[in-house]
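The chain contents come next:
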Amino acid sequence: MRVLVAEDEKTLADLVAEGLRRYAMAVDVAYDGTAAAERLSVNDYDVLVLDRDLPGTPGDAICRDLAQAGARTRILMLTAAASVRDRVAGLGLGSDDYLPKPFDYAELVARVQALGRRSQAPVPPLLTRGDIVLDAPRMQAFRDGRYLALSRKEFALLEVLMRADGAIVSAEELLERAWDEHTDPFSGVVRVTMSKLRAKLGDPPVIGTVAGRGYHLP
């Protein structure tokens, strides 16, 4: 899942981003509305965590523009304004969910995960392919009943491949879905992480490589 956090309180934004990354999400951060709008025009995000009171382009304008464009990005609006009228106004702009500040962090994570599932093609939270079982909400994976001690990025790669339902996924798409914008696309990080994931999955090998096209989980 790829997430954009648009929040002008830098400390809060960084804490939210780092916390979401613990759940194998690729997270970018924008500290003002102008930067958020630029990132949204370039990257395909599953979820936008959006502060309504952003400097530059207002959060309300970003939300309204995304809704009018029919973007698949789901919007969780954050604001210090917590009245019923404020919540109704925020939802009326096109946001999918609304969370007043201060908020419980566990609730924020749960809401982002729920919105992320809605932004993608419907799939059950428990993914199964062959003898591999992946429990996305709990971040647990098993092969033939054996628990797989995967890193966050290894888990993210496996989840993307399982959600692809046998289709070939390019290295570029894996990089986009599992890493944030600061990752060097020429670093070979996908290849290295894929090698580690394959080692942990064990024998017989299950992740195939299609030369010049990418990877797949038959």
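Residues numbered from 1 in each chain as written. Predicted model: local features only at pLDDT ≥ 70, side-chain atom pairs only at ≥ 80, totals over all residues. Heavy atoms only, no water.

> Please give an account of the packing of aromatic side chains that cites residues and values.
Think of a pair of aromatic rings as described by two things: how far the centres are apart, and how the planes are tilted against each other in angle. Under the criterion given, the structure shown has one aromatic pair. When the ring of Phe142 is compared with that of Tyr147, the centres are 5.7 Å apart and the planes differ by 65°; the resulting orientation is edge-to-face. We classify Phe142 as partly exposed; its relative accessible area is 26%. (Phe/Tyr/Trp six-rings, centres within 6.5 Å; stacked < 30°, edge-to-face > 60°. Buried < 20%, exposed > 50% of the residue type's maximum accessible area, 1.4 Å probe, protein only.)

> Quick rundown of the sheet that holds strand β4 (residues 74-79)? Include the residues and the values.
Spatial strand order, β2-β1-β3-β4-β5: five strands in an open sheet with parallel pairing. Both edges of this open sheet fall to β2 (26-30) and β5 (97-100), since each of them pairs with a single strand only. Going across the sheet, the axis of each strand differs from the next one's by a mean of 20°, ignoring polarity. Across four bridges, β4 lies against β5 in parallel orientation. Looking at β5, one finds that Thr79 is bridged to Pro100. (Pairing = 2+ DSSP bridges. Helix = DSSP H or I, 4+ residues; strand = E, 2+ residues; numbered from the N terminus. Axes fitted to C-alpha atoms, helices over the stretch in contact; angles between N-to-C directions.)

> Residues and numbers for helix α8 (residues 189-201), please.
The end-to-end C-alpha distance of α8 is 18 Å, a good match for the 18 Å that 13 residues give at a rise of 1.5 Å each. For α8, the set of buried residues is Val190, Thr193, Met194, Leu197 and Leu201. In an axial view of α8, the angular spread of the buried residues amounts to 105°, which keeps them on one side of the axis. Away from its buried face, by an angle of more than 90 degrees, α8 presents the exposed residues Arg191 and Ala199. Just downstream of α8, Gly202 is the residue with a positive phi angle, here 80°. (Expected span 1.5 Å × (residues − 1). Arc of directions from axis to C-beta.)

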